Amino acid sequence: MAISFSPLPSRLLLRSRLLCNAKFQRRLPRQSHPFTPPASRTANSSPTLSSYISTNRSAFWRTFSSIPNPRSATTPKAGESPLGSLADSLIRPATGKASGSSWSEISDKKVGYWLLGSATLVFGIVVLGGLTRLTESGLSITEWKPVTGTLPPLSQQDWMDNFNKYKDSPEYRILNPNMTLDEYKFIYFMEWSHRLWGRAIGLTFVLPAIYFIVRRRVTPKVALRLLGISSMIGFQGFIGWWMVMSGLRDDLFAEPGSHPRVSQYRLTAHLGAAFTVYAAMLWSGLDILRENRFLRDPQSALTTLKSLSAPQLRIFRGLVGLLVAMVFATAMSGGLVAGLDAGLIYNEFPKMGTGYMPPTKEMMDPFYSHTEDHSDLWWRNMLENPTTVQFQHRVAALSTFTAICAVFAYSRFNPKVAEVLPKNVRVSVMGVLHLAIMQVLLGISTLIYMVPTHLAAIHQAGALALLTGSIVLGHRVGLPKTAARIAAKRIEAAALKAAVRKV
């Protein structure tokens, strides 16, 4: 029975034979007297072909083992073909560990679990940050001490020093002139806990990231991601203090009726940076775990890629990407609502006063314009007028919810899409729909009951949960090109091994 080889195995076989022959010939000792008659030589000093083969047998096998991967090759037993060891080294799964100066083919799955754990810490600090804002504790610490600020005041005198510094802030003079030291301790510990949690996230991310990169437990692509996320975490700390500074300036609250609070622009930037760090950690962790899962079963990986590459899913994939963008934008509009306390007006739904939208004059109030020709009337009202900001948040939320319902219907009632949609993607679509329903109900309840602390905090957590569901959906419907490429190599190497064993 004739056995045919693909071009790649043929080249490997030819290369192995040439290398072995060349090395074998180089090691043959040269004859000092090539024309000496055989009778003049003694039996002990006459090397035979069998003695040469015996002497160079280990070098012969080392030639084969050094071709694909010196680290993973094994010495074959006598009588076995060295090509079996060659094929074994080609299909041996990647462990995520690297030796010497080489990078891993795929990242270690432990890195994926660590990234998901870090994302969980970021989720927690987002919720804690919302509680800090809702309890009006964010301006209680008027200094930024990244190192020495790790410890709270340890003596009565330290507490009084911090309290006296807080008394110089606009928030104390305008809102809390009768606050006691015990009341100050509560808001101090809220802000201190938020800052301490941020420091913990920085240390538990940056130090392991350096370790994984130095030990080459990740791919170069993931290493760049880790460096980028580390930089974003450091920048996030700067944005946080930049936001607090906006609430400590006296000139911003000189007008009668002014309410001391941080800038809604800086608050939204702080929230957006946290969401971005969270999304980067989540996506990277899911990527690594999927690669390791697929390479345990390369054939399943190629089957999944073939299913996701169906032309019917091209539009669906684009719609999912649009959903992620809409959820993020709606959450950022919620940051403007929080920064302006816009949830404390028009506490009814679905109407806003006598109609479904406020009067145009109220939404485009010239009061918020800073120029004589009112050239900034539109954008300042959209970003600084509490009435307009709440209305556009309502519109954004309802638009996002409608889009999610439409994508769900498209995935269920379009027979071409439903036929090729993988099961885990269908489950994710259903999960996103449930999260969207819950988030809409939380938003309406928070508005009607005039922003109670517990409902508002859950509503902010719900926004990040909805973004999480959307990202997971987008990841599952995305094309795993890297994992598929490595899986294809593994399958080809496995075919080589099967062919060699038949020889």
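Residues numbered from 1 in each chain as written. Predicted model: local features only at pLDDT ≥ 70, side-chain atom pairs only at ≥ 80, totals over all residues. Heavy atoms only, no water.

### Notes on the overall build of the protein
Okay, step 1: Looking only at helices and strands, the protein features 19 helices and 0 strands.
Okay, step 2: Counting every position in the protein, which comprises 503 residues, the buried fraction comes to 43%.
Okay, step 3: For the protein, the proportion of contacts with a sequence separation of at least 24, taken over those separated by at least 6, is 76%.
Okay, step 4: Accessible area of the protein: about 27400 Å², with a carbon and sulfur share of 64%. (Helix = DSSP H or I, 4+ residues; strand = E, 2+ residues; numbered from the N terminus. Buried < 20%, exposed > 50% of the residue type's maximum accessible area, 1.4 Å probe, protein only. Contact = heavy atoms within 4.5 Å. Areas by Shrake-Rupley, 256 points an atom, 1.4 Å probe, with all protein chains shown as cover.)

### Digging into helix 18 (residues 453–477)
Okay, step 1: Look at helix 18: 37 Å from first C-alpha to last across 25 residues, which is about the 36 Å you get at 1.5 Å a residue.
Okay, step 2: Most of helix 18 is tucked away, with 20 of its 25 residues classed as buried. (Expected span 1.5 Å × (residues − 1).)

### Examining a positive patch on the surface
Okay, step 1: A cluster of basic residues, Lys109, Lys110, Arg293, Arg296 and Arg476, forms a positive patch at the surface.
Okay, step 2: Breaking the positive patch down by element, the ones donating at least two residues are helix 5 (109–134) and helix 10 (264–296).
Okay, step 3: With respect to the helices and strands, the residue Arg293 is situated in helix 10. (Patch = residues over 30% accessible without salt bridge, like charges linked within 9 Å, V, L, I, M, F, W, Y side chains within 5 Å. Salt bridge = Lys/Arg side-chain N within 4 Å of Asp/Glu carboxyl O. Lys, Arg positive; Asp, Glu negative; His and termini not counted. Charge placed at Lys NZ, Arg CZ, Asp CG, Glu CD.)

### Considerations on the pattern of salt bridges
A side chain of one charge can pair with a side chain of the opposite charge if their charged atoms are brought near each other.
Okay, step 1: Throughout the structure, instances matching the rule amount to 9 salt bridges.
Okay, step 2: Between Glu143 and Lys165 there is a salt bridge whose closest N-O contact spans 2.8 Å. With Glu143 in the loop between helix 5 and helix 6 (156–167) and Lys165 in helix 6, this pair connects stretches of sequence that are 22 residues apart.
Okay, step 3: Residue classification places Lys165 among the partly exposed residues on the basis of a relative accessible area of 34%.
Okay, step 4: It is possible to trace a salt-bridge network through shared partners that takes in Glu143, Lys145 and Lys165.

### Description of unusual backbone geometry
Okay, step 1: For the bond from Phe349 to Pro350, the omega torsion is 10°, close enough to zero to count as cis.
Okay, step 2: Tracing the sequence through the fold places Pro350 in the loop between helix 12 (313–340) and helix 13 (360–363).
Okay, step 3: A positive phi angle is found at Asp341, which is not glycine, with a value near 55°.
Okay, step 4: With respect to the secondary-structure elements, Asp341 resides in the loop between helix 12 and helix 13.
Okay, step 5: Overall, Asp341 belongs to the partly exposed group, its relative accessible area being 30%.
Okay, step 6: With a phi close to 60°, Met450 is a non-glycine residue in the positive phi region.
Okay, step 7: Mapped onto the elements, Met450 comes out in the loop between helix 17 (423–448) and helix 18.

### Structural notes on the side chain of His194
Okay, step 1: Note on placement: His194 falls in helix 8 (residues 181–214).
Okay, step 2: Contacts of His194, omitting those with residues within four sequence positions, involve Ile125, Leu128, Gly129, Thr132 and His270.

### Quick word on the packing of aromatic side chains
How two aromatic rings sit relative to each other is given by the distance of their centres and the angle of their planes.
Okay, step 1: Taken as a whole and judged by the stated rule, the model has 18 aromatic pairs.
Okay, step 2: Aromatic pair Trp144 and Trp241: ring centres 6.2 Å apart, planes at 15°, arrangement stacked. Pair noted here: Trp144 is in the loop between helix 5 and helix 6 and Trp241 is in helix 9 (residues 220–246), with a separation of 97 residues, a long-range link.
Okay, step 3: Its relative accessible area of 38% is what places Trp144 among the partly exposed residues. (Phe/Tyr/Trp six-rings, centres within 6.5 Å; stacked < 30°, edge-to-face > 60°.)

### So, helix 8
Okay, step 1: The terminal C-alpha atoms of helix 8, which comprises 34 residues, lie 48 Å apart, in line with the 50 Å expected from a rise of 1.5 Å per residue.
Okay, step 2: Arg216 sits one or two residues past helix 8 and shows a positive phi near 55°.

### A few points about the nonpolar core
Okay, step 1: One finds Trp114, Phe205, Val218, Leu226, Phe275, Met281 and Phe316 to be the most contacted residues of the largest nonpolar core, which totals 55 residues.
Okay, step 2: Top contributing element to this core by residue count: helix 10, with 9 residues.
Okay, step 3: Formed by 11 residues, the second largest nonpolar core is a distinct cluster that contains Ile141, Tyr166, Tyr184 and Ile187. (Core = buried A, V, L, I, M, F, W, Y, C linked by side-chain atoms within 4.5 Å.)

### Remarks on the environment of Gln390
Okay, step 1: In this fold, Gln390 is placed in helix 15 (residues 386–413).
Okay, step 2: Spatially, the C-alpha atom of Gln390 lies 9.3 Å from that of Asp341, the residues being 49 residues apart in sequence.
Okay, step 3: Apart from residues no more than four positions distant in its own chain, Gln390 is found in contact with Val337, Ala342, Gly343, Ile345, Tyr346, Met352 and Leu447.

### Overview of the packing of helix 14 (residues 377–384) against helix 15
Okay, step 1: Direction vectors running N to C along helix 14 and helix 15 enclose 75°, while the axes themselves pass 6 Å from each other. As far as their axial angle goes, helix 15 and helix 14 are roughly perpendicular. Counting all contacts with helix 14, which are made through Asn381, Met382, Leu383 and Glu384, the residues of helix 15 involved are Pro386, Thr388, Val389 and Gln392. (Axes fitted to C-alpha atoms, helices over the stretch in contact; angles between N-to-C directions. Parallel < 35°, antiparallel > 145°, perpendicular 65-115°, else oblique.)

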